[in-house]
Amino acid sequence: MGKFQVLDHPLIQHKLTIIRNKNCGTKVFREVADEITTLMAYDVARDMPLEDVEIETPIQKTTVKTLAGKKVAIVPILRAGIGMVDGILELIPAAKVGHIGMYRDEETLKPHEYFVKLPSDIDQRQVYVVDPMLATGGSAIMAIDALKKRGATNIKFMCLVSAPEGVKALQEAHPEIDIYTAALDERLNENGYIVPGLGDAGDRLFGTK
Ligand code: PRP
Ligand code: URA
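Criteria and thresholds
Residues numbered from 1 in each chain as written. Chains lettered and ligands numbered in written order. Predicted model: local features only at pLDDT ≥ 70, side-chain atom pairs only at ≥ 80, totals over all residues. Heavy atoms only, no water. Helix = DSSP H or I, 4+ residues; strand = E, 2+ residues; numbered from the N terminus. Rg over C-alpha atoms; globule rule 2.2 N^0.38 Å. Contact = heavy atoms within 4.5 Å. Areas by Shrake-Rupley, 256 points an atom, 1.4 Å probe, with all protein chains shown as cover. Salt bridge = Lys/Arg side-chain N within 4 Å of Asp/Glu carboxyl O. Buried < 20%, exposed > 50% of the residue type's maximum accessible area, 1.4 Å probe, protein only. UniProt positions renumbered as here; feature names shortened; annotations may be inferred. Near = heavy atom within 4 Å. Polar contact = N/O pair within 3.5 Å; in protein donor to acceptor, adjacent residues only side chain to side chain. Axes fitted to C-alpha atoms, helices over the stretch in contact; angles between N-to-C directions. Parallel < 35°, antiparallel > 145°, perpendicular 65-115°, else oblique. Left-handed = near helix turned anticlockwise from the far one by under 90°. Phe/Tyr/Trp six-rings, centres within 6.5 Å; stacked < 30°, edge-to-face > 60°.

Draft legend 1. Molecular detail of the overall build of the chain. Secondary structure assignment for the chain yields 6 helices and 13 strands. Radius of gyration (C-alpha) of the chain: 18 Å, near the 17 Å computed for a compact globule of 209 residues. Overall, the C-alpha framework of the chain stretches about 65 × 35 × 30 Å when taken along its three principal axes. Sequence-distant contacts, at least 24 apart, represent 64% of the contacts inside the chain between residues at least 6 apart. Only carbon and sulfur atoms are counted for the fraction: they give 52% of the accessible area of the chain, which is about 11,000 Å².

Right, here's the structure in full:
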């Protein structure tokens, strides 16, 4: 079974409170969602592999560490996942970015895939799938299905707010995936929204509605 981690650093909790507030406007929502993602990425990247490299400091030759092996691909689930890309690029600027388009039917809550564009070497990369909300889990499960179908094997999932129902569904569908969330909320309401949540993440990020 993969890891399930609530990354509840005080700075993350404080910033999440800012964007949960319904009075938080689009500009601040975007900026703070970015900052939370950067703080999360620091922890998510903790197991990045290192290798030895020989360099010369002004004093002498020495063997030190550098990042090795698998390179990173960030894959946001459109639309709202886009709001978590820059926050990771801040720390891992050489990462490639793929996109998976998915929308949730508001009646059935079932996700529909409408777009997939991934780096051609996705099978060689450590993939970070990002989406602010893990609600029923349908979108994350289908996005990871799409990635596996195209050869990705090393996948982590990052979200800002999750519901217990979504975590359980994702763990059942893809048990080996590591899941990182800034908060685990109480439940889903009858419309499939996370309670207390932060509302519709895509609308809040992009100022639609
Ligand atoms: C939201 C959110 C997730 C999905 C989560 O997207 O960004 O992708 O719902 O719900 P689930 O876990 O029940 O699948 P939405 O379908 O509203 O699309 P949008 O990002 O384009 O607004
Ligand atoms: N998608 C959202 O954007 N918010 C929720 O609470 C659930 C799904």
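Draft legend 2. Up close: the pattern of salt bridges. Counted under the stated rule, the structure contains 12 salt bridges. Ionic pairing is found between Asp203 and Arg79, a salt bridge with its closest N-O pair at 3.2 Å. Placement of Asp203 in helix α6 (residues 201-206) and of Arg79 in the loop between β4 (72-78) and α3 (85-89) is noted, with a sequence separation of 124 residues between them. Residue Asp203 is classed as buried on the basis of its relative accessible area, which comes to 14%. Here Arg79 falls in the partly exposed class, since its relative accessible area comes to 35%.

Draft legend 3. Region of interest: the UniProt feature "binding site: 5-phospho-alpha-D-ribose 1-diphosphate" (unreviewed entry) in the chain. Look at the UniProt record and you will see "binding site: 5-phospho-alpha-D-ribose 1-diphosphate" (unreviewed entry) annotated at Arg79, Arg104, Asp131, Pro132, Met133, Leu134, Ala135, Thr136, Gly137, Gly138, Ser139 and Asp200. With respect to the helices, strands and loops of the structure, Pro132 is situated in the loop between β8 (126-130) and β9 (133-134). According to the relative accessible area criterion, Pro132 is buried, its value standing at 4%. With near-sequence residues (within four places) excluded, Pro132 lies in contact with Ala80, Gly81, Met84, Cys159, Leu160, Val161 and Ala201. Note on placement: Met133 falls in strand β9.

Draft legend 4. Spatial organisation of the site of ligand 2. Taken together, the residues surrounding ligand 2 are Arg104, Met133, Ala135, Gly192, Tyr193, Ile194, Gly199, Asp200 and Ala201. The separation between an oxygen atom of ligand 2 and a polar main-chain atom of Ile194 is 2.8 Å. Ala201 is positioned such that a nitrogen or oxygen atom in its backbone is 2.9 Å from an oxygen atom of ligand 2. In the complex, 88% of the free accessible area of ligand 2, which totals 240 Å², lies under the protein chains.

Draft legend 5. Examining the environment of Gly207 more closely. Structurally, the position occupied by Gly207 is in the segment after α6. Residues Gly207 and Ser139, spaced 68 residues apart in sequence, show a C-alpha to C-alpha distance of 21 Å.

Draft legend 6. Just the packing of helix α4 (residues 138-149) against helix α5 (residues 164-173), in detail. The interhelical angle for the contact between α4 and α5, taken along N-to-C directions, is 25 degrees, at an axis separation of 9 Å. Viewed along their axes, α4 and α5 adopt a mutual orientation that is roughly parallel. Handedness of the crossing formed by α4 with α5: right-handed. Contacts between α4 and α5 involve Ala140, Ile141 and Ile144 from the first element and Ala169, Leu170 and Ala173 from the second.

Draft legend 7. The packing of aromatic side chains, seen in detail. Counting across every chain of the model gives 1 aromatic pair. Their ring planes at 35 degrees and their centres at 6.1 Å tell us that Tyr103 and Tyr114 sit as a pair that is tilted. Here the residue Tyr103 occupies a position in strand β6 (residues 99-104), and Tyr114 occupies one in strand β7 (residues 111-117), the gap between them amounting to 11 residues. Owing to a relative accessible area of 45%, Tyr103 belongs among the partly exposed residues under this scheme. Judged by relative accessible area, Tyr114 falls into the partly exposed class, the value being 46%.

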